[in-house]
Amino acid sequence: MGAYLLRRCLMTLPTLLIVAVIVFLLMRLVPGDPVSVMVGDMADPATITAITRNLGLDQPLPVQFLRWLGNILTGDFGTSITTGEAVLPAMLHRLGVTAQIVLISMALAMLIAVPAGMLAAWRQNKATDMVITGLLVLFISVPSFWVGLLLILLFGVQLGWLPTVGYVAITDDPVQGLLYLILPCASLVLVEMGVVARMMRSGMIDVLRLDYITHARAKGLAEGPVLWRHAFPNAFAPTLTFIGLLLGSLLGGAVVIETVFTLPGLGRFLVDAIEARDYPVIQGCLLLVAMIRILVNLAVDLAYPLLDPRVQL
């Protein structure tokens, strides 16, 4: 296990370096000048030249890249050009907001979707399967932002039960913080539940057709142990891979939901930075997103032996 972890950690280094090079070069190819965005159209050329020199943007690209990479290695992700914030603390603060919504919604989605997918597979082509599959197709087909808007209209505007937009940190006010998270989490749960349950149903159908399941039933085992003890571990492995990919993607920023509910999450932070050509923030956020995806995939790989003892790390 230790050697595997060390090997995987070393493998992430070239991946992160490639991501850093691509992100840096792509940002320089995007039309627009961050200094012009900062000072506006009325600034004189002397001011623009001074700010450009102060930010180091007048240096050759290799020099800019090596300077940025050297700072990253020391934990210095730079300072936002537009807001003056230190990039690393700003990213971590916004990642905390995104993580609250994504982790809560993913946990709820798995609690509902996995049993629903197993039930649909067990009752394949029966009325129960058709009802569950129809609901799952409906959940997948509806965009998350539209679900969010409907929830705002129903529970925020019409009934007045829940706050509609904004954010309160749970550490500041636990009750209000949870109330502000209900609608964003509910919007994500419906969409995540649909795709996870579909994956679970598909994997479970394949496993239930295998000979060892028939053998278990022939021995007289009840359906509960057959499903949960013998079929579930093998059927859940592909779903776990998909959950890892989905979790990595959402932790990188649930942009649409954060925009609909005006949440100060990582995705909205990145979009605002792109609009302002804020190079340090964009580069830092994309590098952080790549690291999140790598760590989530590593966690998924480490979980495989728990489901299938044949997998050796």
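Residues numbered from 1 in each chain as written. Predicted model: local features only at pLDDT ≥ 70, side-chain atom pairs only at ≥ 80, totals over all residues. Heavy atoms only, no water.

Quick question: what am I supposed to make of the packing of helix 5 (residues 87-122) against helix 6 (residues 127-141) here?
Helix-helix packing is characterised by the crossing angle of the two axes and by the distance between the axes. For the pair helix 5 and helix 6, the least separation of the axes is 8 Å and the interaxial angle reads 140°. With respect to helix 6, the axis of helix 5 lies oblique. Relative to helix 6, helix 5 is oriented so that their crossing is left-handed. On helix 6, the residues touching A116, L119 and A120 of helix 5 are T128, D129 and I132. Its residues assigned to classes, the contact of helix 5 with helix 6 shows 4 nonpolar, 1 polar and 1 charged. (Axes fitted to C-alpha atoms, helices over the stretch in contact; angles between N-to-C directions. Helix = DSSP H or I, 4+ residues; strand = E, 2+ residues; numbered from the N terminus. Parallel < 35°, antiparallel > 145°, perpendicular 65-115°, else oblique. Left-handed = near helix turned anticlockwise from the far one by under 90°. Contact = heavy atoms within 4.5 Å. Nonpolar A, V, L, I, M, F, W, Y, C, P; charged D, E, K, R; others polar.)

Help me out: how do you make sense of a nonpolar patch on the surface in this one?
On the surface, a nonpolar cluster with roughly 730 Å² of combined accessible area is contributed by F145, W146, L149, L150, L153, V157, V255, V256 and V271. Those elements that place two or more of their residues in the nonpolar patch are helix 7 (144-158) and helix 11 (255-260). In terms of residue count, the dominant contributor to the nonpolar patch is helix 7 (6 residues). Inspection of the secondary structure puts L153 in helix 7. (Patch = residues over 30% accessible without salt bridge, like charges linked within 9 Å, V, L, I, M, F, W, Y side chains within 5 Å. Areas by Shrake-Rupley, 256 points an atom, 1.4 Å probe, with all protein chains shown as cover. Salt bridge = Lys/Arg side-chain N within 4 Å of Asp/Glu carboxyl O.)

Sorry if this is basic, but what is going on with the nonpolar core here?
The tendency in soluble globular proteins is for nonpolar side chains to be buried as a group. One finds M91, M200, M204, F236 and L266 to be the most contacted residues of the largest nonpolar core, which totals 77 residues. Looking at this core element by element, the count peaks at 15 residues for helix 5. In terms of domain composition, this core takes at least three residues from each of domain 1 (1-74) and domain 2 (87-307). (Core = buried A, V, L, I, M, F, W, Y, C linked by side-chain atoms within 4.5 Å. Buried < 20%, exposed > 50% of the residue type's maximum accessible area, 1.4 Å probe, protein only. Domains from an automatic or database assignment.)

Just checking my understanding: could you explain the side chain of T239 for this structure?
Inspection of the secondary structure assignment puts T239 in helix 10 (residues 223-251). Note on T239: relative accessible area 0%, which makes it buried. The residues contacting T239, other than those within four sequence positions of it, are V196, M199 and M200.

Can you walk me through the packing of helix 5 against helix 13 (residues 279-307) in this structure?
Contact geometry of helix 5 with helix 13 gives a least axis separation of 10 Å together with a crossing angle of 50°. In terms of their interaxial angle, helix 5 and helix 13 are classed as oblique. As helix 5 packs across helix 13, the resulting crossing turns out to be right-handed. Between helix 5, through V87, M91 and L95, and helix 13, the contact on the second element is made entirely by P280, V281, G284, C285, L288 and I292.

Help me out: how do you make sense of the UniProt feature "transmembrane region" (unreviewed entry) in the protein in this one?
In the numbering used here, UniProt assigns the "transmembrane region" (unreviewed entry) feature to residues 12-30, 101-122, 134-157, 177-197, 239-261 and 281-307. Structurally, residues 177-197 is divided into 100% helix and 0% strand, and its ends, taken at the C-alpha atoms, are 29 Å apart. Helix makes up 100% of residues 281-307 and strand 0%. Its end C-alpha atoms lie 39 Å apart. (UniProt positions renumbered as here; feature names shortened; annotations may be inferred.)

Whenever I open this one, unusual backbone geometry confuses me. Can you help?
A negative phi angle characterises most non-glycine residues, just as the trans form characterises most peptide bonds. The phi angle at N125 is positive, at roughly 65°, despite the residue not being glycine. Position of N125 relative to the elements: it lies in the loop between helix 5 and helix 6. Residue classification places N125 among the exposed positions, given a relative accessible area of 57%. We note that T262 has phi near 50°; this positive angle belongs to a residue other than glycine. Secondary-structure assignment places T262 in the loop between helix 11 and helix 12 (266-275). On the basis of relative accessibility, which here comes to 32%, the residue T262 falls in the partly exposed class.

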